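What follows is the residue order along each chain.
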Amino acid sequence: PLPLPSLMAADVIRRKAPGAADLIFIDACHEYECVYQDILHWHPLVRSGGAMFGDDAWAHGVHRAVEDACALLNCSFFIRSRYWIIDTF
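Residues numbered from 1 in each chain as written. Predicted model: local features only at pLDDT ≥ 70, side-chain atom pairs only at ≥ 80, totals over all residues. Heavy atoms only, no water.

Draft legend 1. Geometry of the overall build of the chain. A count of helices and strands for the chain gives three helices and four strands. Secondary structure of the chain in N-to-C order comes out as α-β-α-β-α-β-β. For 89 residues, the compact-globule estimate of 2.2 N^0.38 gives 12 Å, and the C-alpha radius of gyration of the chain, at 12 Å, lies within 12% of that figure. Going through the 89 residues of the chain one by one, you find that 40% of them count as buried. (Helix = DSSP H or I, 4+ residues; strand = E, 2+ residues; numbered from the N terminus. Rg over C-alpha atoms; globule rule 2.2 N^0.38 Å. Buried < 20%, exposed > 50% of the residue type's maximum accessible area, 1.4 Å probe, protein only.)

Draft legend 2. Just the environment of His60, in detail. The topology assignment puts His60 in helix α3 (residues 60–73). Sequence-wise, His60 and Leu7 are 53 residues apart; in three dimensions their C-alpha atoms are separated by 22 Å.

Draft legend 3. A look at empty space enclosed by the protein. Using the criterion set out here, one finds one cavity of 30 Å³ or more in the structure. Space inside the largest cavity adds up to approximately 50 Å³. Around the largest cavity sit Ile26, Asp27, Ala28, Cys29, His30, Val35, Gly54, Asp55, Val62 and Trp84, which together line it. Each residue belonging to the lining of the largest cavity can be placed in one class, and the counts come to six nonpolar, two polar and two charged. (1 Å grid on protein atoms, 1.4 Å probe; cavity = no way out; pocket = protein on both sides within 12 Å on 5 of 7 lines; lining within 4 Å. Points joined across faces, edges and corners; volume = space filled by probe spheres on them. Nonpolar A, V, L, I, M, F, W, Y, C, P; charged D, E, K, R; others polar.)

Draft legend 4. Main features of the pattern of salt bridges. Within the structure shown, the criterion is met by three salt bridges. Arg47 serves as the salt-bridge partner of Asp22, at 2.2 Å between the closest nitrogen and oxygen. Placement of the pair is Asp22 in strand β1 (residues 21–26) and Arg47 in strand β2 (residues 46–54), with a sequence separation of 25 residues. Of the residues examined, Asp22 reaches a relative accessible area of 46% and is grouped as partly exposed. (Salt bridge = Lys/Arg side-chain N within 4 Å of Asp/Glu carboxyl O.)

Draft legend 5. Here's a closer look at the packing of helix α2 (residues 32–42) against α3. Viewed as axis vectors pointing N to C, α2 and α3 meet at an angle of 35 degrees, and their least axial separation amounts to 8 Å. Between α2 and α3 lies a crossing whose hand is right-handed. Contacts between α2 and α3 involve Tyr32, Val35, Tyr36, Ile39 and Leu40 on the former and, on the latter, Gly61, Val62, Arg64, Ala65, Val66, Asp68, Ala69, Leu72 and Leu73. (Axes fitted to C-alpha atoms, helices over the stretch in contact; angles between N-to-C directions. Left-handed = near helix turned anticlockwise from the far one by under 90°. Contact = heavy atoms within 4.5 Å.)

Draft legend 6. How the structure looks around the pairing of β1. Bridge analysis of β1 against β2 gives five bridges, and the strand direction is parallel. Counted as the bridge partner of Ala21 is Val46 from β2. Note on the crossover from β1 through α2 to β2: the handedness is right-handed. (Pairing = 2+ DSSP bridges. Right-handed = clockwise from strand over helix to strand, strands pointing away.)

Fair warning: the whole summary comes from geometry, so function is off the table for now.
What follows is the structure, given as structure tokens:
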């Protein structure tokens, strides 16, 4: 764990081990802009074959942010129960 705000932690990881994460869980904020920025900053750090996910997919801002980020990143996501999951292939 890194005791840093999410985007600062992503920058630290990007410098030390880019593309090295097998799994990233996002659960910092439930507002559109926070979730959107978290996905954009953390997605490049997930290795091919890994995944990132978060909860509260039912929240309008969360669901819309995941949709918009995946459209920009040209990736797909799916919903299972309350979780959203982005696979990296």
